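Geometric and topological summary
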Amino acid sequence: MLCVEKMIKFWDPVRQYQKYKTELDDVWFSVMNRGDLILREDVEKFEKNLAEFVGTKYAVGLSSGTDAIYLSLKALGVKGSVALPSYTFKATCGAVINAGCKPVIYDLDRIIYEGVSAFIPVHIAGEVYNFGKYDYGPVPIIEDACQALGAIKNPTSDVQCWSFYPAKILGAAGDAGAITTNREDVYEYIKEARNHFKMDNKDFGGNHRMDNLQAALLNVKFKYLPHFLAKRKEIADKYFSGLSRIKEITLPNFQEGRVWQDWILRTEKRDELYEYLKENNVETQKNEYPFSPEYPKLPLAAKYEAETLRLPIQPEHADQEIDFVIRKIKDFFQK
Ligand SMILES: Cc1ncc(COP(=O)(O)O)c(C=O)c1O
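Before going into details, it helps to say that this report is about the structure given with it. (Residues numbered from 1 in each chain as written. Predicted model: local features only at pLDDT ≥ 70, side-chain atom pairs only at ≥ 80, totals over all residues. Heavy atoms only, no water.)

1. Brief notes about the state of the cysteines
The following threshold applies: Disulfide: a pair of cysteine sulfur atoms within 2.5 Å of each other. Categorising residues by exposure relies on relative accessible area from a 1.4 Å probe, with only protein chains included: less than 20% of the type maximum marks a residue as buried, more than 50% marks it as exposed, and the intermediate range marks it as partly exposed.
Evaluation of the coordinates by the stated rule reveals zero disulfides. With no disulfide of its own, C93 lies closest to C101 among cysteine sulfurs, the gap being 11 Å. On the basis of relative accessibility, which here comes to 7%, the residue C101 falls in the buried class.

Structure representation (structure tokens):
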């Protein structure tokens with residue numbers, strides 16, 4: 001009988017820190033002793049690492065994934081309406097509104113691309129959204145890849161947006177984000193806009209810089225990115241084989257080449273399952289993010305989100321813990 005005494009956290013930053021503590025502490029002290037705090041060599045190294053990993057000419061380190069989307073719209077001069085899915089995290093839509101554009105939101109059964117000034121496909125939970133099959137016309141494409149590091153390689157879109165929020169596949173010790181692109185004009189714009197267009201009198205920009213310290217920590221973790229991706233896949237496989245026979249559960253899409261930022265099951269008994277797991281020392285998360293009264297979630301997306309449950313999938317979770325999560329989900333449905 002599997003027994004787990006402590007709560008299995010959905011995600012525990014301390015575990016990852018403890019595992020790589022020596023190296024992370026070393027770079028922390030190195031940065032502090034050098035006094036390299038803002039836009040120094042560690043940010044440049046991070047940008048090189050990221051561009052190489054994604055397969056683009058350029059990368060720019062930023063303060064968050066939200067800022068990456070916002071600055072991409074600015075860089076591309078997008079002023080009108082922007083198409084995006086209802087099934088996404090709030091930030092995709094918020095960045096569009098904050099950039100002075102109008103979101104044109106589509107539901108799960110369709111895609112809107114006519115008459116918009118830009119299109120933001122979103123790769124949720126690490127599953128690649130194949131926008132290439134749509135004849136979208138000559139509008140710029142900004143990929144929200146904040147949940148899909150490792151799944152998007154050699155992209156053909158105008159710009160790709162990344163988040164290094166601590167719980168992401170590659171997580172900072174605070175907020176961080178980036179864009180990657182093959183477009184020199186987009187690269188030049190965002191590189192200067194993130195720092196107020198400081199040396200230029202043409203515009204204001206803002207403070208959207210990636211902290212040098214975050215970049216240094218991320219550079220350490222970059223070495224372990226293949227391991228993080230492989231370990232997440234291993235856990236995903238365990239969930240597939242452990243849970244595939246439960247009729248009341250819809251499994252996530254097993255797509256070739258995808259990554260596992262999240263393993264999201266769906267069930268009509270989502271809320272009861274969530275509570276049952278909590279009572280049994282398993283922390284999970286709902287993937288449900290209401291927008292606003294002016295831009296409510298659309299019906300299919302709202303129903304879909306109300307059935308979602310994200311299971312623990314951090315690389316540092318022990319096999320025994322994942323087995324316990326599976327056991328408890330089985331127990332719930334056999335009750
Ligand atoms: C799909 C999506 N877009 C945008 C963001 C925003 O990223 P950040 O939290 O770094 O601003 C996130 C972060 O969770 C996300 O999941």
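2. Quick notes on the packing of aromatic side chains
Heads up, the condition is: In this analysis, rings of Phe, Tyr and Trp, with Trp reduced to its six-membered ring, are considered paired at centre separations within 6.5 Å, and the interplanar angle assigns stacked below 30 degrees, edge-to-face beyond 60, and tilted for intermediate values. In this description a helix means any DSSP run of H or I spanning at least four residues, a strand means any run of E spanning at least two, and both kinds are numbered starting from the N terminus. In this scheme, Lys NZ or Arg CZ marks a charge over a ring once it lies within 6 Å of the ring centre and within 35 degrees of the ring normal.
Under the counting rule described, the total for this entry stands at 17 aromatic pairs. For the pair F53 and F222, a centre-to-centre distance of 5.9 Å together with 75° between the ring planes defines the contact as edge-to-face. Linking F53 in helix α3 (residues 41-54) with F222 in helix α7 (residues 212-222), this pair joins segments that are 169 residues apart in sequence. By relative accessible area, which is 19% here, F53 ends up buried. Ring centres of Y106 and F119 lie 6.3 Å apart, and the angle between their planes is 50°; on these two criteria the pair is classed as tilted. Of this pair, Y106 sits in strand β3 (residues 102-106) while F119 sits in strand β4 (residues 118-119), and the two are 13 residues apart along the sequence. Exposure class is identical for Y106 and F119. Each is buried. Between the NZ or CZ atom of K153 and the centre of the ring of F53, over which it lies, the distance is 3.6 Å. The lysine or arginine in question, R258, covers the ring of W260, its NZ or CZ lying 3.6 Å from the ring centre.

3. Details of the sheet that holds strand β2 (residues 81-85)
Our working rule: For two strands to count as paired, DSSP must find a minimum of two bridges between them. In this description, contact between two residues means that some pair of their heavy atoms is separated by no more than 4.5 Å. Working convention: axes come from line fits to C-alpha atoms, limited for helices to the stretch in contact. Angles between N-to-C directions cover 0 to 180 degrees.
Read across the sheet, three strands follow the order β3-β2-β4 without closing on themselves; strand pairing throughout is parallel. Looking at the sheet topology across the chains shown, the edges are occupied by β3 and β4. Here β2 runs beside β4; their pairing, made up of two bridges, is parallel. Among the inter-strand pairings, A83 is bridged to a residue of β4, identified as F119. On the sheet, helix α5 (residues 90-98) packs against β2 and β3 and is oriented at approximately 150° with respect to β3.

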